[in-house]
Amino acid sequence: MSAAVTATVSAVCATVAVVITILMIRGCRRWRWKVYKKFMAKISDEVNRRNRELEACAAVNDVVIEIGPVEKFLHEILNEKPMRFSSEQLASCTGDYSTELGSGGFGVVYKGELPNGLPVAVKVLKVSMNKKVQEGFMAEIGTIGRTYHVHLVRLYGFCFDPNTKALVYEYLENGSLEKYLYRDGEGAGEGGRKERLEWRTLHSIAIGTAKGIRYLHEECQQRIVHYDIKPANILLTADFTPKVADFGLARLGERENPHMSSLTGGGRGTPGYAAPELWMALPTTEKCDVYSFGMVLFEILGRRRNYDAQLEDESREWFPKWVWDKYEQGNMESIVSAAAGVGEADREKAETMCKVALWCVQFQPSARPTMSSVVRMLEGEMAIVPPVNPFHYVSGGGSSSSWALSSGTGTGTFTSSSRDTGWDNKVSAASTPRKPTDEMVKGVKSTEPVTT
Ligand SMILES: Nc1ncnc2c1ncn2[C@@H]1O[C@H](COP(=O)(O)OP(=O)(O)OP(=O)(O)O)[C@@H](O)[C@H]1O
Ligand SMILES: [Mg+2]
């Protein structure tokens, strides 16, 4: 009896288990089907969305092709591509190159206007391009054209026709800082227009310029060393916002630079602003821009050319050395009074600018601050360690003959010395540098033959 009951219970249990298993399998199948349907719906939505996007893009391209060059230009600008111009288009937008804005080592700059009324500056390049440089031209244009910052001059396009190589830049109404800086009016250019800028404006021009260079060195995708920071390459908008010009040009080939001594490699830099490592044939880094920026700061501070042979007081001939001498004597008063137009409220800023300039022009690249430190110091966000003598590598301060190497080792090689202040740990490789000359250090135009 009990065996029969047990058998019956077992059979019922088995049946229930089978039924439950069947139900579970069915449930799973239904759930799987649901998930599959959902997944397929998602895929088909995505495919439809992509198709719609592609159709929209094709429609936009059709429109751009149909509606002509102005819109095409704007479209390319929005797509962050420098536009390619033909030589005929350039001749037409510059009125056959009728208005010259100035000229430099790379060629002549003309004023122009695009068909939509946008003013431009067209720099017609006179550089000698070997085949290798020609190949790199497009890549370089791509980099320059994609480098945007509020303190950098924007490249809109270029021309790469067999007979015309040109760069098309945004036009800056107030031209270069050079024409506002010097008392002698040299560099005033364009009708000699020159108004006196307030010290505060100059101070913010210095900070804006430093931010532009900081972007090139530290923030943009591909790090760019300018190699030719100087007032002529700091352009000003209608409201005197500074923008750094001509970045990336150093790699476009050797320029015909009338100011350049044959001493410098690759025709980079301008005497008086170029860092010692540039003209002493030593390895270079972005710190050579820091040096040049320091030289610009001295010129802003003194509102004068750093080298001025017209001055009666010979000790003032080369301003940076004079500033160092006064600073060393603790005579900040003289420096601030030499900085024309500095009011009582701006005294501290002028002193800061002086110390930052002295740090920037240190002989050793590793002793110079980075541009982000320069910005922070100028903005008063970073304490400044008292500067050390930047001119220890030269002795005397007067005539060319008294300028001789006198670095720590007596050979003029870059060495990490007690003067190394540790802004960073990169110390340039030692090498046998060329002898500094007045021409390169101070930017003196010399007729004497250069000895190395
Ligand atoms: N984008 C621009 N907008 C307005 N004026 C400009 C522009 N670019 C250049 N200029 C003017 O043309 C002048 C010559 O510029 P260019 O860059 O050819 O020479 P430079 O800066 O004196 O020397 P370098 O060849 O060493 O850069 C400038 O000083 C400036 O007055
Ligand atoms: Mg220039």
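Residues numbered from 1 in each chain as written. Chains lettered and ligands numbered in written order. Predicted model: local features only at pLDDT ≥ 70, side-chain atom pairs only at ≥ 80, totals over all residues. Heavy atoms only, no water.

Going by an unreviewed UniProt entry, the protein chain carries the name Protein kinase domain-containing protein and comes from Triticum aestivum. Looking at the Subcellular location (unreviewed entry) heading of the UniProt record, one finds this comment for the protein chain: "Membrane". According to the UniProt record, the Sequence similarities (unreviewed entry) comment for the protein chain is "Belongs to the protein kinase superfamily." (UniProt positions renumbered as here; feature names shortened; annotations may be inferred.)

**Student:** Please explain the coordination of the magnesium ion (ligand 2) as it appears in this structure.
**Tutor:** Octahedral metals with six donors have ideal donor angles of 90 or 180 degrees. Tetrahedral metals with four donors have an ideal donor angle of 109.5 degrees. Within the first shell, the magnesium ion (ligand 2) binds the protein through N233 (OD1) and D246 (OD), at distances of 1.9 to 2.0 Å. One end of the pair, N233, is in the loop between α6 (199-219) and β7 (234-236); the other, D246, is in the loop between β8 (242-244) and α7 (276-279), and 13 residues separate them in sequence. One exposure class covers both N233 and D246, and it is buried. (Donors = N, O, S within 2.8 Å, 3.2 Å for Na, K, Ca; no water. Helix = DSSP H or I, 4+ residues; strand = E, 2+ residues; numbered from the N terminus. Buried < 20%, exposed > 50% of the residue type's maximum accessible area, 1.4 Å probe, protein only.)

**Student:** Help me understand the environment of P82, please; the structure alone is not making it clear to me.
**Tutor:** With respect to the secondary-structure elements, P82 resides in the loop between α2 (69-78) and β1 (83-85). Expressed as a C-alpha distance, the spacing of P82 and G145, which sit 63 residues apart in the sequence, is 5.3 Å. Beyond its immediate stretch of four places on either side in the chain, P82 contacts I141, G145, R146, L155, Y156, G157 and F158. (Contact = heavy atoms within 4.5 Å.)

**Student:** Can you walk me through the UniProt feature "transmembrane region" (unreviewed entry) in the protein chain in this structure?
**Tutor:** Using the residue numbers shown here, the UniProt feature "transmembrane region" (unreviewed entry) corresponds to residues 6-25. Segment residues 6-25 splits into 100% helix and 0% strand. End C-alpha atoms: 28 Å apart.

**Student:** It is not clear to me how a nonpolar patch on the surface should be interpreted in this structure. Could you clarify?
**Tutor:** A grouping of V12, V16, I20 and M24 is seen on the molecular surface, where their side chains present a nonpolar patch of about 360 Å² in accessible area. Exposure remark for V16: the relative accessible area of 43% places this residue in the partly exposed category. (Patch = residues over 30% accessible without salt bridge, like charges linked within 9 Å, V, L, I, M, F, W, Y side chains within 5 Å. Areas by Shrake-Rupley, 256 points an atom, 1.4 Å probe, with all protein chains shown as cover. Salt bridge = Lys/Arg side-chain N within 4 Å of Asp/Glu carboxyl O.)

**Student:** Got a minute to help me understand the nonpolar core in this structure?
**Tutor:** When a protein is soluble and globular, its nonpolar side chains tend to lie buried together. The biggest cluster of nonpolar side chains holds 88 residues, and the ones touching the most others in it are L167, F293, L301 and V374. When residues of this core are assigned to their parent elements, the largest contribution, ten residues, is made by helix α8 (residues 287-302). Looking at which domains feed residues into this core, each of domain 1 (82-171) and domain 2 (175-182 + 196-257 + 267-393) supplies at least three. Formed by eleven residues, the second largest nonpolar core is a distinct cluster that contains F85, L114, V122 and Y156. (Core = buried A, V, L, I, M, F, W, Y, C linked by side-chain atoms within 4.5 Å. Domains from an automatic or database assignment.)

**Student:** Whenever I open this one, the site of ligand 1 confuses me. Can you help?
**Tutor:** Close contacts around ligand 1 come from 21 residues, with G105, K123, K230, N233 and D246 the closest. Between ligand 1 and G105, the relevant distance is 2.8 Å, taken from an oxygen atom to a main-chain nitrogen or oxygen of the residue. When ligand 1 sits alone it has 610 Å² of accessible area, and the protein chains cover 91% of it. With four residues, the top contributor of residues to the shell around ligand 1 is strand β2 (residues 100-104). (Near = heavy atom within 4 Å. Polar contact = N/O pair within 3.5 Å; in protein donor to acceptor, adjacent residues only side chain to side chain.)

**Student:** Would you mind showing me how to read the sheet that holds strand β4 (residues 119-125) here?
**Tutor:** Paired through their backbone hydrogen bonds, the strands of a sheet run either parallel or antiparallel. The six strands are arranged β1-β5-β6-β4-β3-β2 in an open sheet whose pairing can be described as mixed. If you trace the sheet from one side to the other, it starts and ends with β1 and β2, each paired once. The mean inter-strand angle of the sheet, taken between neighbouring strand axes irrespective of direction, is 25°. Judged from the three bridges that link them, β1 and strand β5 (residues 155-160) form a sheet pairing that is parallel. Among the inter-strand pairings, F85 is bridged to a residue of β5, identified as C159. (Pairing = 2+ DSSP bridges. Axes fitted to C-alpha atoms, helices over the stretch in contact; angles between N-to-C directions.)

**Student:** Just checking my understanding: could you explain the UniProt feature "binding site: ATP" (unreviewed entry) in the protein chain for this structure?
**Tutor:** Look at the UniProt record and you will see "binding site: ATP" (unreviewed entry) annotated at K123. Note that K123 resides in strand β4. Setting aside chain neighbours within four positions, we find K123 in contact with F106, V108, V109, K165, A166, L167, Y169, D246 and L249.

**Student:** Honestly, the pattern of salt bridges in this entry has me stumped. Any pointers?
**Tutor:** Pairs can form between side chains of opposite charge whenever their charged atoms are close. Applying the stated criterion across every chain yields a total of eleven salt bridges. Among the ionic pairs, R223 bridges to E286, the shortest N-O distance being 3.6 Å. Within this pair, whereas R223 is found in the loop between α6 and β7, its partner E286 is found in the loop between α7 and α8, the two being separated by 63 residues in sequence. Between K230 and D228 there is a salt bridge whose closest N-O contact spans 3.7 Å. Taken together, the shared-partner salt bridges connect E333, R347 and E351 into one network.

**Student:** How do you make sense of a positive patch on the surface when you look at a structure like this?
**Tutor:** There is a patch of like positive charges on the surface, built from R26, R29, R30, R32, K34, K37, K38 and K42. Along the chain, the position of R30 falls in helix α1 (residues 2-67). For R30, a relative accessible area of 58% gives the class exposed. (Lys, Arg positive; Asp, Glu negative; His and termini not counted. Charge placed at Lys NZ, Arg CZ, Asp CG, Glu CD.)

**Student:** Sorry, what's going on with unusual backbone geometry here?
**Tutor:** Trans is the common state for peptide bonds, and a negative phi is the common state for residues other than glycine. Located in the positive-phi region is D246, a residue other than glycine, with phi close to 70°. Even without being a glycine, A281 presents a positive backbone phi close to 60°. When you line up the elements, A281 lands in the loop between α7 and α8. On the basis of relative accessible area, A281 is assigned to the partly exposed category, the value being 48%.

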